[in-house]
Amino acid sequence: MPEGTGIGASVRRREDARFLTGSGTYTDDINRHGQTHAIMVRSPHAHAKINKIDKSKTLGMPGVLAVYTGDDMKVGGLPCGWLVKNQDGSPMVEPPHPVIAQEFVRHVGDIVAVVIAETKQQARDGAEALGIDYGVLPAAVSLGDAVKPNAPQVWPQAKGNICYDWGLGDKAATDAAFAKAHKVAKIDLVNNRLIPNAMEPRAAIGDFDKATGDYTLYTTSQNPHVIRLLMGAFVLSIPESKLRIVAPDVGGGFGSKIFHYAEEAIVTWAAGQLKRPIKWTADRSESFMSDAHGRDHISHAELALDKDGKFLGLKVETLANMGAYLSTFSTCVPTYLYGTLLAGVYTTPAIFCNVKAVFTNTVPVDAYRGAGRPEATFLIERLVDVAAREMKMDPAEIRRKNFIQPSQFPYQTPVALQYDTGNYDATLDMAMKMIDYKGFAARKEAAAKKGKLRGIGMSCYIEACGIAPSAVVGSLGARAGLYESANVRVHPTGSVSIFTGSHQHGQGHETTFAQVVSEKLGVPLEQIDIVHGDTGKIAFGMGTYGSRSIAVGGAALVKALDKIVAKGKKIAAHLMEASEKDVEFKDGKFTVAGTDKAKTFGEVALTAYVPHNYPITELEPGLEEQAFYDPLNFTYPSGCYIAEVEIDKDTGTIEIARFVASDDFGKIINPMIVEGQVHGGIVQGIGQALLETCVYNKEGQLLTGSYNDYCLPRADDLPPLEVQHTDKPTPCTHNPLGVKGCGEAGAIGAPPAILNAICNALGVAHMDMPATNEKIWRAANAQTARAAE
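Predicted, not measured: the structure shown is a model, and the values here were computed from it.

Colleague: What's the story with the packing of helix α6 (residues 224-235) against helix α7 (residues 262-274) in this structure? I'm lost.
Modeller: Between two packed helices, the angle of one axis relative to the other and the distance separating the axes together describe the packing. The geometry of α6 relative to α7 is characterised by a closest axis approach of 11 Å and an angle of 60 degrees between their N-to-C directions. When you trace α6 past α7, the crossing you get is right-handed. Every residue of α7 that contacts α6 at I227, M231 and V235 is listed here: E264, A265 and T268. Of the residues in the contact of α6 with α7, the class split is 4 nonpolar, 1 polar and 1 charged.

Colleague: Looking at this structure, I do not really get the environment of L143. What am I missing?
Modeller: The residue L143 is located in helix α4 (residues 143-146) in this model. Classification of L143 by relative accessible area gives buried; the value is 4%. Contact partners of L143, with chain neighbours within four places excluded, come to D296, H297, I298, L319, A320, N321, V358 and T360.

Colleague: Sorry if this is basic, but what is going on with unusual backbone geometry here?
Modeller: The phi torsion of most residues other than glycine is negative, and most of the peptide bonds are trans. Cis geometry marks the peptide bond from A468 to P469; its omega dihedral reads -20 degrees. Its place among the elements puts P469 in the loop between β18 (452-462) and α13 (470-475). For the peptide bond that leads from M769 to P770, omega is -5 degrees, which places it in the cis range. The phi dihedral of K275 falls on the positive side, at around 60 degrees, and the residue is not glycine. For K275, a relative accessible area of 38% corresponds to the partly exposed category.

Colleague: What is the right way to read the domain arrangement of the protein from this model?
Modeller: How big an interface is tends to be stated in terms of accessible area lost as the parts join. Looking at the assigned domains, one finds that the protein contains domain 1 (16-22 + 483-629), domain 2 (35-82 + 96-137 + 199-252 + 257-290) and domain 3 (297-467 + 633-788). A straight line from the C-alpha centre of domain 2 to that of domain 3 covers 37 Å. Facing 24 residues of domain 2, the contacting portion of domain 3 comprises 26 residues. It is W82, F259 and F288 in domain 2 that bury the most area against domain 3; as a group they hold 34% of the surface buried on that side. Viewed at the interface, domain 3 and domain 2 are joined by 0 salt bridges. Linking domain 2 to domain 3 there are 7 residue pairs in polar contact (both at pLDDT 80 or more). Considering each element in turn, the side of domain 2 that touches domain 3 owes the most residues, 5 residues, to helix α8 (residues 284-290). Residues belonging to the side of domain 2 that touches domain 3 are distributed by class as follows: 13 nonpolar, 8 polar and 3 charged.

Colleague: What is the right way to look at the sheet that holds β18 in this model?
Modeller: Pairing between the strands of a sheet comes from backbone hydrogen bonds, and it takes one of two forms, parallel or antiparallel. What the 4 strands build is an open sheet, ordered β18-β26-β27-β28; its pairing is mixed. For this open sheet the edge positions go to β18 and β28 (721-725), each flanked by a neighbour on one side alone. Averaged over all pairs of adjacent strands, the angle between strand axes in this sheet comes to 15 degrees, irrespective of strand direction. In this sheet, strand β27 (residues 653-664) lies alongside strand β26 (residues 638-648) in antiparallel orientation, the contact comprising 11 bridges. The residue of β27 that forms the bridge with C640 is S662. Contacts between helix α12 (residues 440-449) and the sheet are confined to β18 and β26, with β18 contributing the most and set at about 145 degrees to the helix. Together, β26, β27 and β28 form the strand contacts of helix α17 (residues 671-690), whose direction differs from that of β28 by roughly 130 degrees.

Reading the values: rules and limits
Residues numbered from 1 in each chain as written. Predicted model: local features only at pLDDT ≥ 70, side-chain atom pairs only at ≥ 80, totals over all residues. Heavy atoms only, no water. Axes fitted to C-alpha atoms, helices over the stretch in contact; angles between N-to-C directions. Helix = DSSP H or I, 4+ residues; strand = E, 2+ residues; numbered from the N terminus. Left-handed = near helix turned anticlockwise from the far one by under 90°. Contact = heavy atoms within 4.5 Å. Nonpolar A, V, L, I, M, F, W, Y, C, P; charged D, E, K, R; others polar. Buried < 20%, exposed > 50% of the residue type's maximum accessible area, 1.4 Å probe, protein only. Domains from an automatic or database assignment. Buried area = accessible area lost by both parts, 1.4 Å probe. Salt bridge = Lys/Arg side-chain N within 4 Å of Asp/Glu carboxyl O. Polar contact = N/O pair within 3.5 Å; in protein donor to acceptor, adjacent residues only side chain to side chain. Pairing = 2+ DSSP bridges.

Written as structure tokens, this is what we have:
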């Protein structure tokens, strides 16, 4: 293996050169011959009946080629990918999700029509001229309002606006645990609704080949094969052999580009109607009202403790917002990605969780970086701090007392999951050492002398990455498999092309996957090509989400590489006139044990394609292998984050003085890329904790529909982020690389650490996110007033 290129090396990202020089190819950069442009006409109302759509004026305008409404586009609806059952075993309410609204609109931004013209401006002008008569109806906007008696009904078949009423855990055992509790800590909290803001807005180009009848969709997607499956089979009834999906360079996703969106189906279908390519690109305001949102929970939780601070039981009741329609994976986020993580890193023996999913007249809600895991961790870690406060215990002490210990693994939680490995004391110890936890009292005193309030807060998180295995999730309602595929093609000269079903949109796969290949085959990085994002080139794949790429996609790659090496040994044994069992492979060379006989990987590859001296009766020519990997379990990264904040009580201004992170990601492929992933996640977590929230008014109008109103973190909001990997890592026990996911950890662990620090500084039990300057100022002054009484 070339030095410094394999597993464990901090190799600079190979893909960055094209991005930094403006040479990337994003969907909007692609222009097809004869291309037209689409503008989606969207509802200005949260809930209304479509009385009439008058196309006449628009169709007479210059350049306008077509106007399509829901009456024109008679196709299947957008499917939901996960069926959740109610506590009584009955199925959830699954209303239709028309590609273009039919009869009713159910949120501001719902697509009512599409206008297609020669230029984007002509399409925009045509859209503005479209005559639409609405009959406005009452809207159910917030979670609290939607579940009130006599609330407006989003769907007539969803009584009380309830999609499902789901439960997990042993309620009787949990009730018994609470009956013997010495203390019960309680909390009511909101996990604020977020709007994803990837650098690249969504875009789609539909193309149709009149000669072959083939369709091609270029789109900003995290999982092109899943889009092909859903759109081809369920929406447009196009055979997969006639439908190609290309996801080129994608400028970030954070979960919001996992889903099959209506615009993808519209431009594909319309391209077939017009026999011309059609491009649609969202502007930022359109993204705010059409991209799936994230989070949006209201929860009540109670933790039962004995007199020594040991956790006895946990009860959780959550209302989860679905929005107006069920997005692709929306239903599993507040259930199997949330309820199953409520054990956290603790030995709580009895847990019961009840989740009611609620329809509202808002944009659909689905996975956003972390997807259920941030919501679970925020609830647990805030509640543990409340319990520490009530028990008069140090937050670190109460956590340590309840940690699952290394000797207890594999550990079966009371909420379905079995953790394979972990060492939570190690990450806590490292984080406390990094921040000088013992010295905090002195720093707090020094801050007080300056008239500032200083607080410290920690969060011990666990994440479940790489949803698996397919048989289990299928029994729980998943409507797709959750494996991954990889194809390794060795060329005659020994260079290698990798075709992976995983998709890169900022994670660095072109580097890390190449490092795995370099490690296994001894091939220089510059001779390794990573191909992804094109269903016409890759057999099948499930895409990238849930921190699954290296744990699932990388494992599939290793399986295929092992097949390459195994075949290479057979060829080398023939060339060196040796027994196959005596052939060894290391650092790009096949050798015969105990001799100086050797063949390079390149020599064996050439022999496979020029089989003049070849075991032709035993082996086919060529050197190409494919593998699928279906995980046996999730992987379980974990860690401890500690934040230290300083508050100006006169203004409510908050400064994050320190932020430290100690993570256990098992075996690490590229430490530099992992650190960057953690940095990005922490920044998004800080954004949720302090700044970001989606706000609708009572009529369902989006009040935070631009960057004027929706506040994202900026550089001056952030401290230097101190990130370390534990010195006692626990590799995953069930995948061939020993790796765990890392991409979402920061967004999971950061929010509770920040809020715990703020509550510690203010001396309050709880504050909901975002902890804005105004909220902090009010809390600080309320404390001051109480102290003066």
